[in-house]
There are 2 protein chains.
Amino acid sequence: MSDSKRKTANGISFASVPKVVVSRLSLYLRELQHLRAESKETISSGELGSRLGFTDAQVRKDLAYFGQFGYPGIGYRTDELVQAIRHILGTDIEWRVVIVGIGNLGRALLGYKGFSRQGFEIVAALDSDKEKSGSVVEGVEVQSIDRLDEIVKQHKIRLGMVAVPAPAAQSVADQLVAAGIEGIVNFAPVTINLPDHVSQVGVDLAIELEQISFTVAKRLHALRRS
Amino acid sequence: MSDSKRKTANGISFASVPKVVVSRLSLYLRELQHLRAESKETISSGELGSRLGFTDAQVRKDLAYFGQFGYPGIGYRTDELVQAIRHILGTDIEWRVVIVGIGNLGRALLGYKGFSRQGFEIVAALDSDKEKSGSVVEGVEVQSIDRLDEIVKQHKIRLGMVAVPAPAAQSVADQLVAAGIEGIVNFAPVTINLPDHVSQVGVDLAIELEQISFTVAKRLHALRRS
């Protein structure tokens, strides 16, 4: 288990990694980043798992897709595993992001501190409303969506966030694809269709509330029975 | 597998259900709601799983925590399983929600159509900035956070969303707990501490971007090798 040199992603195929494993990598990374902030230098798979509600076997199996990271009798070295997961997730390099739709959500996303902390830099903010052009939100100048192609090329932007109202989402996504964007995070509460070579994630904020209502409802059911 | 009468959550203990199973329930629910909108009346565990990247065994195992929902030779009845999962998640009743922090994110959340669609109604919007009191955002009047206790009791609110800047999040959460709120969704990019009897979920928007950067980075690695 000690050959940490084999941890990088370059040598292996990621094609077969289930989506759900990748989403757990993000959770491992956040927990490890917290641990590092607390100066905890090592952690076992069991401890990492139990902090997130997973078994140690799950943690080991997930990481085994990408290499061998643990040390016998030590566990994982926090700092090393943070670097390794960032490399796997591709966030050891900086990603430039364009956001389209500078309404309330767009403004909120521009002000969200969690993005740059994880390696995502919003370098352009576009809107179809010409009235907004020239205004500066969180240090980024709002520009017309007509300049999308030019701006994507100029800043070498690969990722886009769609924060427009639902009826406009597909058309904006099509424009992003035409401009060469390779991955889209869609915040509009509607499904968008993209060509296979463009990745997408849809953000559904109600899911978080459902996780909460489950626990509260569970407690209510238990009270009623007692 | 046909005793659908046993599907309700009342008779069983939910205490041992892992968090990750509950989060998959939300994904199943969304997919089933899409299927229902497409008038698809039944679906197999294999098909439901493959649409989400899970195995049929995973789907069956997750649902088995809560009862028996499938029919031999038929699979799941879409509409029935939607109702059952909503009951399990507690979203077959309406939840009243208070949101604290009416900045850009708060305004975006007030305008987010996905909440009411899933049974969450934001009935109160509070801010510490007295200047904002009396203004109406998306049909909800902004009020002073000083009125929190009174408003929570008056509207029988159980859930809260925290959309204030990170340094204020813990203090706002403490006020929500004192007012009797039972579950909190925290959008501030900071960890908050709550008593055990209050549920919480932290929303980390960068996770969605990481899922995208993973796929794009994977493609880039593959191109470089070819």
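Residues numbered from 1 in each chain as written. Chains lettered and ligands numbered in written order. Predicted model: local features only at pLDDT ≥ 70, side-chain atom pairs only at ≥ 80, totals over all residues. Heavy atoms only, no water.

## Here we look at the sheet that holds strand S3 (residues 95-100) of chain A
Moving on, step 1. Across the sheet, which stays open at both edges, the 7 strands sit in the order S5-S6-S4-S3-S7-S8-S9 (chain A) with mixed pairing between neighbours. Because the sheet does not close on itself, it has two edges, and the strands there are strand S5 (136-137) and strand S9 (199-202) of chain A.
Moving on, step 2. Examined bridge by bridge, S5 of chain A and strand S6 (residues 140-144) of chain A share 2 bridges and lie antiparallel to one another. Opposite Val137 of chain A, over in S6 of chain A, you have Val140 of chain A as the bridge partner.
Moving on, step 3. Here helix H7 (residues 148-155) of chain A sits on the sheet in contact with S3, strand S4 (120-127) and S6 of chain A, set at roughly 165° to S4 of chain A.
Moving on, step 4. Against the sheet, helix H9 (residues 206-225) of chain B engages S3, S4, strand S7 (159-162), strand S8 (183-186) and S9 of chain A, with an angle of about 170° to S9 of chain A. (Pairing = 2+ DSSP bridges. Helix = DSSP H or I, 4+ residues; strand = E, 2+ residues; numbered from the N terminus. Contact = heavy atoms within 4.5 Å. Axes fitted to C-alpha atoms, helices over the stretch in contact; angles between N-to-C directions.)

## Comments concerning the environment of Val190 of chain A
Residues and elements named next belong to chain A.
Moving on, step 1. Its location among the elements puts Val190 in the loop between S8 and S9.
Moving on, step 2. Given a relative accessible area of 34%, Val190 falls into the partly exposed group.
Moving on, step 3. Considering only alpha carbons, one finds Val190 and Pro167, 23 residues apart in sequence, at a separation of 8.2 Å.
Moving on, step 4. Apart from residues lying up to four places away in sequence, Val190 is in contact with Ala166 and Ala169. (Buried < 20%, exposed > 50% of the residue type's maximum accessible area, 1.4 Å probe, protein only.)

## What to know about the interface of chain B and chain A
Moving on, step 1. At the interface, 70 residues of chain B touch 69 residues of chain A.
Moving on, step 2. Taken together, both faces of the contact between chain B and chain A bury some 6,100 Å²; the carbon and sulfur share is 66%.
Moving on, step 3. Inspection of the region where chain B meets chain A yields 2 salt bridges.
Moving on, step 4. Glu210 of chain B is paired through a salt bridge with Arg30 of chain A; the nearest N and O atoms lie 3.1 Å apart. (Buried area = accessible area lost by both parts, 1.4 Å probe. Salt bridge = Lys/Arg side-chain N within 4 Å of Asp/Glu carboxyl O.)

## Overview of helix H8 (residues 166-178) of chain A
Residues and elements named next belong to chain A.
Moving on, step 1. When H8 is considered as a whole, its buried residues turn out to be Ala169, Val172, Ala173, Leu176 and Val177. The buried side chains of H8 occupy one side of the element, clustering within an arc of 140° when seen end-on. Looking at H8, the residues exposed on the side facing more than 90 degrees away from the buried face are Pro167 and Ala178.
Moving on, step 2. For H8, the elements touching its buried residues are S3, H7, S7 and S8.
Moving on, step 3. Positive backbone phi, at 100°, marks Gly180, one or two positions downstream of H8. (Arc of directions from axis to C-beta.)

## So, the pattern of salt bridges
All names here are of chain B.
Moving on, step 1. For the coordinates displayed, the defined rule picks out 20 salt bridges over all chains.
Moving on, step 2. When the shortest N-O distance is used, the salt bridge between Asp146 and Lys130 registers 3.2 Å. One end of the pair, Asp146, is in the loop between strand S6 (140-144) and helix H7 (148-155); the other, Lys130, is in the loop between strand S4 (120-127) and strand S5 (136-137), with 16 residues separating them in the sequence.

## Describing the side chain of Gln143 of chain B
Moving on, step 1. Locating Gln143 of chain B in the fold gives a position in strand S6.
Moving on, step 2. In terms of polar contacts, Gln143 of chain B uses its side chain to reach the side chain of Arg147 of chain B, at 2.3 Å. (Polar contact = N/O pair within 3.5 Å; in protein donor to acceptor, adjacent residues only side chain to side chain.)

## Topic: empty space enclosed by the protein
Where empty space is left becomes clear once a probe the size of a water molecule has been rolled over the atoms.
Moving on, step 1. All chains considered together, the criterion is met by 1 cavity of 30 Å³ or more.
Moving on, step 2. Approximately 40 Å³ is the volume found for the largest cavity.
Moving on, step 3. Contributing to the lining of the largest cavity are Leu105, Phe187 and Leu205 of chain A together with Leu105, Phe187 and Leu205 of chain B.
Moving on, step 4. Of the residues assigned to the lining of the largest cavity, the class counts are 6 nonpolar, no polar and no charged. (1 Å grid on protein atoms, 1.4 Å probe; cavity = no way out; pocket = protein on both sides within 12 Å on 5 of 7 lines; lining within 4 Å. Points joined across faces, edges and corners; volume = space filled by probe spheres on them. Nonpolar A, V, L, I, M, F, W, Y, C, P; charged D, E, K, R; others polar.)

## Let's talk about the domain arrangement of chain A
Moving on, step 1. Each domain of chain A was delimited in the assignment, giving domain 1 (4-89) and domain 2 (95-206).
Moving on, step 2. Of note, the centres of domain 1 of chain A and domain 2 of chain A, computed from C-alpha atoms alone, are 30 Å apart. (Domains from an automatic or database assignment.)

## Describing the packing of helix H4 (residues 78-89) of chain A against H9 of chain B
Moving on, step 1. Relative orientation of the contacting elements H4 of chain A and H9 of chain B amounts to 75°, with a least axis distance of 7 Å. Here H9 of chain B runs roughly perpendicular to H4 of chain A, going by the angle between their axes. When H4 of chain A is examined against H9 of chain B, the residues His87, Ile88 and Leu89 of chain A are found in contact with a partner set consisting of Glu210, Ser213, Phe214 and His221 of chain B. (Parallel < 35°, antiparallel > 145°, perpendicular 65-115°, else oblique.)

## Concerning unusual backbone geometry
Moving on, step 1. Positive phi is not limited to glycine here, since Glu138 of chain A has a value of about 50°.
Moving on, step 2. As for its placement among the helices and strands, Glu138 of chain A is situated in the loop between S5 and S6.

## Some words on the environment of Ala168 of chain B
Moving on, step 1. Mapped onto the fold, Ala168 of chain B is located in helix H8 (residues 166-178).
Moving on, step 2. Between the C-alpha atom of Ala168 of chain B and that of Gly90 of chain B, which follows or precedes it by 78 residues, the distance is 30 Å.

## Points about the sheet that holds strand S9 (residues 199-202) of chain B
Moving on, step 1. Spatially, S5-S6-S4-S3-S7-S8-S9 (chain B) is the arrangement adopted by the 7 strands of the open sheet, whose pairing is mixed. A strand with exactly one partner marks an edge of an open sheet, and here the two such strands are S5 and S9 of chain B.
Moving on, step 2. Pairing between strand S8 (residues 183-186) of chain B and S9 of chain B: 4 bridges, direction parallel. The residue bridging Gly183 of chain B from the neighbouring strand is Ser199 of chain B, located in S9 of chain B.
Moving on, step 3. Helix H9 (residues 206-225) of chain A rests against strand S3 (95-100), S4, strand S7 (159-162), S8 and S9 of chain B of the sheet, and its axis sits at about 170° to S9 of chain B.
Moving on, step 4. Strands S3, S4 and S6 of chain B of the sheet are contacted by H7 of chain B, whose axis makes an angle of about 165° with S4 of chain B.

## What to know about the pairing of S3 of chain A
Residues and elements named next belong to chain A.
Moving on, step 1. Most of S3 sits inside the fold, with 5 of its 6 residues counted as buried.
Moving on, step 2. Here S3 pairs with S4 via 6 bridges, running parallel. Bridged to Val100 within S4 is Leu126.
Moving on, step 3. As paired strands, S3 and S7 are joined by 4 bridges and run parallel to one another. In the sheet register, Val100 faces S7, and the bridge partner there is Val162.

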